[in-house]
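# Architecture at a glance
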Amino acid sequence: FTADRIRNFSIIAHIDHGKSTLADRLLEMTGTISTRTANKQVLDKLEVERERGITVKAQTASMIYEHNGRRYLMNLIDTPGHVDFSYEVSRSLSACQGTLLLVDACQGIQAQTVANFYLAFSQDLTIIPIVNKIDLPAADPERIVQQMESAFELGAGEALMVSAKTGINTEQILPAIIERIGGPVADRSRPLKALLFDSWYDKYVGVVCLMAIKDGQLMKGDRIVSSHTENKYEVMEVGLMYPEQVPTGALYAGQVGYVVCSMKNAKEAHIGDTFYRLKQPVDPLPGFEPAKSMVFAGVYPVDTDDFSQLEESITKLTLNDASVNVQKETSLALGQGWRIGFLGTLHLDVFRQRLEQHKHACQVDGTYHLRARLVVEKDGKETIVRTPADFPSPDTMPHQRCTLQEPMVLATLIFPAEYLGPMLELCGMRRGEQKEYQYLDDNHVMVRYVLPMAEIVTDFYDELKSRSSGFASFDYEETGYQESDLVKVTGHMFVSSSSEALMAGGQMDVLLNGKPVDALATVLHRSQVQAVGRDWAKRLKNVIQRQLFEVAIQTAVGSRVIARESVPAMRKNVTAKCYGGDVTRKMKLLNKQREGKKRMKRLGSVDLPQEAFFTLMNKD
Ligand code: GTP
């Protein structure tokens with residue numbers, strides 16, 4: 001297949017608008033999969049994706065289609081559906097020349113459709129609008145076309161009206177791709193230039209790379225070099241995803257296929273890297289920005305004996321997800337573990353679920369620490385604040401002349417006009433700044449806001465849904481950092497009646513099994529401090545069992561106390577369960593109690609069982 005007989009395209013759609021169904025339909029129409037296996041949603045491979053019905057990792061498949069007596073190689077490059085993965089969407093799009101923009105005929109344009117449209121638009125892709133599910137009785141394709149015209153400035157008559165499920169009009173799609181989307185610009189006679197746009201780890205053959213061949217050809221046995229690392233590799237196998245790996249011996253300019261080479265470690269596969277033939281260097285294609293972790297969480301084994309097993313699983317999972325960032329971390333309270341960075345909270349959830357599929361008992365501390373940034377003004381030095389422990393202490397701050405910054409997002413919200421009031425109010429409460437306001441049709445509004453990421457990662461989505469009776473849709477993309485008044489809130493407990501505790505400064509950190517809990521602190525915007533401080537104090541009170549002395553609880557910013565609670569003392573009658581006259585047993589227990597009391601006083605602390613700690617950290 002020469003470049004003019006190749007079409008590289010993707011499908012972008014909001015969740016549940018029918019992307020997988022349409023992909024299956026196209027594979028079936030071209031005989032790539034049999035009708036019997038159809039509707040199994042071939043492209044959604046990972047277990048967790050099937051389970052949750054969302055596409056996380058992009059998958060790709062090739063098909064062969066005959067149009068006007070000519071055979072075409074059609075490469076469908078799948079894109080993940082959720083906002084957290086827009087990084088994966090944009091890298092998949094970089095291998096395409098066009099995209100199908102799929103919209104549900106009942107639901108209409110959703111926020112994610114808009115966000116994905118802009119990603120495609122900014123990469124100069126040809127966009128084919130498709131209205132899906134026209135078979136449904138509630139379908140209103142005319143209204144959807146009107147929405148598309150106002151949101152995307154698409155011309156009338158451009159949209160196709162189909163039903164991926166029943167097949168109505170789906171025969172128009174492949175011809176439209178051939179006629180409207182151009183073939184890739186590619187030159188077979190030039191030296192090899194190949195773009196690596198995806199990779200995964202296969203337990204039998206090792207690292208499998210997906211490459212788009214921009215120029216030249218790539219054959220089995222070739223020796224290739226990475227522009228990024230200058231590492232050399234021998235090509236063991238190349239082929240097409242048809243829809244599984246089918247070796248072809250060679251890939252030519254314009255094609256998209258898989259490459260297995262002597263790459264040992266998935267970390268060597270840098271997304272966006274350009275490969276060339278040994279001794280024939282080329283100018284590398286513009287690479288991608290590496291994925292930035294926006295949310296960090298600590299992961300610790302429940303049982304320390306599981307440490308190495310858990311480590312192995314984490315390593316395996318990260319082999320197939322380069323956007324997860326892992327660092328070892330030792331917490332005084334929780335022992336050895338990892339601080340893992342994710343693209344967003346859904347990404348974290350998916351990762352957590354995959355770990356569970358590996359049958360591991362692990363604990364994820366539920367406070368998502370956002371990536372804040374500390375910039376020291378005099379030398380422009382930047383430090384990323386990954387955990388509250390990285391937060392500069394209030395005493396050193398003024399001397400250093402530094403500013404704190406927090407990550408911001410550009411959010412798109414679409415909702416029926418009757419919810420305008422509650423929606424604008426919500427964005428205002430969350431420190432949002434309006435950027436755009438537009439009616440999509442007679443009763444649908446689209447607004448775009450710049451919001452702090454910290455305001456949307458927790459319960460924003462739930463609030464949005466409840467304030468709009470479930471009708472609002474929401475999506476966002478990162479827009480960099482903005483200076484912000486961030487502070488660190490900490491939780492403390494102390495023995496209020498103990499003079500020893502007072503002597504020690506009157507304030508102790510929360511201890512877990514006798515060690516300070518480093519994680520009981522969080523970084524927040526100053527406006528959130530009151531609410532969170534009070535909530536924490538109440539929660540602490542609920543998880544702490546009564547002790548042998550009165551326990552005072554405080555949450556504070558530096559030395560300023562935000563909220564106080566106290567847990568009254570209780571004399572535990574440890575002998576209550578000993579009936580009869582077994583004096584030795586009674587004595588033993590009483591001694592134990594005395595010992596315990598002494599130990600606690602010595603530490604001046606409250607012992608919190610590990611489970612209580614996790615209950616505290618995980619919201620709900
Ligand atoms: P994500 O992978 O989560 O992004 O979802 P998706 O866009 O791939 O949606 P999927 O193909 O899983 O379809 C969602 C639901 O819509 C499924 O229950 C499909 O059977 C249904 N569906 C898809 N296309 C049509 C259609 O043309 N008509 C009708 N009636 N239902 C459809």
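Throughout this document, residue positions are counted from 1 along each chain, in the order its sequence is written. Predicted model: local features are reported for residues with pLDDT of at least 70 only, side-chain atom pairs are reported and counted for 80 or more only, and whole-chain, interface and lining totals are derived from all residues. Working from all heavy atoms in the structure, the side-chain values ignore hydrogens and water.

Labelled according to an unreviewed UniProt entry, the protein appears under the name Tr-type G domain-containing protein, originating from Syncephalis pseudoplumigaleata. UniProt positions are given in the numbering used here, feature names are shortened, and annotations may be inferred rather than shown by experiment. In its Function (unreviewed entry) section, the UniProt entry covering the protein states "Promotes mitochondrial protein synthesis. May act as a fidelity factor of the translation reaction, by catalyzing a one-codon backward translocation of tRNAs on improperly translocated ribosomes. Binds to mitochondrial ribosomes in a GTP-dependent manner." Regarding the protein, the relevant UniProt record gives this comment under Subcellular location (unreviewed entry): "Mitochondrion inner membrane".

By the criteria applied, helices consist of DSSP H or I runs no shorter than four residues and strands consist of E runs no shorter than two, each listed in order from the N terminus. Of note, Thr274 is situated in strand β15 (residues 274–277). The contact criterion used is simple: two residues touch if any of their non-hydrogen atoms lie within 4.5 Å. Filtering out sequence-adjacent residues up to four positions away, Thr274 remains in contact with Lys193, Ala194, Val225, Ser226, Ser227, Val282, Pro284 and Leu285.

What follows is about the packing of aromatic side chains. A pair of Phe, Tyr and Trp rings is counted when the ring centres sit within 6.5 Å of each other, with Trp represented by its six-membered ring. The angle between the planes then sorts it: under 30 degrees is stacked, over 60 is edge-to-face, the rest tilted. For the coordinates displayed, the defined rule picks out eight aromatic pairs. Geometrically, the ring pair formed by Tyr437 and Tyr439 is edge-to-face, given 6.4 Å between the ring centres and 80° between the ring planes. Every member of this aromatic cluster is reached through a ring pair, and the members are Phe117, Tyr118, Phe121 and Phe152. The ring of Tyr252 carries the charged tip of Arg188 above its face, separated from the ring centre by 4.4 Å. To sit over a ring, a charge needs its Lys NZ or Arg CZ within 6 Å of the ring centre and within 35 degrees of the ring normal.

Let us now look at empty space enclosed by the protein. A cavity here means a set of 1 Å grid points, computed over protein atoms only, where a 1.4 Å probe fits but cannot escape. A pocket is an open set with protein on both sides within 12 Å along at least 5 of 7 lines, and lining residues have an atom within 4 Å of a point. Grid points are joined across faces, edges and corners, and a volume is the space filled by probe spheres set on the points. Considering all chains together, one arrives at four cavities of 30 Å³ or more under this definition. Looking at the second largest cavity, its volume works out to about 40 Å³. Among the elements that make up the lining of the second largest cavity, the one with the highest residue count is helix α5 (residues 141–152) (three residues). Under the scheme applied, nonpolar residues are Ala, Val, Leu, Ile, Met, Phe, Trp, Tyr, Cys and Pro; charged residues are Asp, Glu, Lys and Arg; polar residues are all the others, including Gly. Looking at the lining of the second largest cavity, its residues break down into five nonpolar, one polar and two charged.

Bringing the sheet that holds strand β3 (residues 70–77) into the picture now. Taken together, the six strands give an open sheet; going across it, the order is β2-β3-β1-β4-β5-β6, and neighbouring strands pair in mixed fashion. With partners counted over all chains shown, the strands left at the sheet margins are β2 (60–67) and β6 (160–161), one partner each. Pairing analysis gives eight bridges linking β2 to β3, with the strands arranged antiparallel. Following the sheet pairing, Glu66 is matched in β3 by Arg71. Lying on the sheet, helix α1 (residues 19–29) is in contact with β1 (6–13), β2, β3 and β4 (98–104); it crosses β1 at an angle near 155°. Two strands qualify as a pair provided that DSSP identifies no fewer than 2 bridges between them. The axes used here are C-alpha line fits, helices contributing only the stretch in contact, and every angle between their N-to-C directions lies in the interval 0 to 180 degrees.

Attention now goes to the environment of Gly257. Assignment of secondary structure puts Gly257 in strand β14 (residues 256–261). For each residue, the accessible area found with a 1.4 Å probe, counting protein chains only, is set against the maximum for its type, and the residue is called buried under 20%, exposed over 50%, and partly exposed in between. By relative accessible area, Gly257 is classed as buried at 1%. In this structure, the C-alpha to C-alpha distance between Gly257 and Asn75, residues 182 residues apart in sequence, is 8.9 Å. Apart from residues no more than four positions distant in its own chain, Gly257 is found in contact with Cys209, Leu210, Met211, Gly239 and Leu251.

A separate point is the packing of helix α10 (residues 420–429) against helix α12 (residues 460–467). Between α10 and α12, the shortest axis-to-axis distance is 10 Å and the interhelical angle comes to 160°. If you check the angle between α10 and α12, you find them roughly antiparallel. Judged by the twist between their axes, the crossing of α10 over α12 is right-handed. Contact residues: α10 offers Pro422, Met423, Glu425, Leu426, Cys427 and Met429, while α12 offers Phe460, Glu463, Leu464 and Arg467. Along the lines of polarity and charge, the residues of the contact of α10 with α12 split into seven nonpolar, no polar and three charged. In what follows, roughly perpendicular refers to angles from 65 to 115 degrees, roughly parallel to angles under 35, roughly antiparallel to angles over 145, and oblique to any angle outside these ranges. Left-handed describes a crossing whose near helix is turned anticlockwise from the far helix through less than a right angle; right-handed describes the clockwise counterpart.

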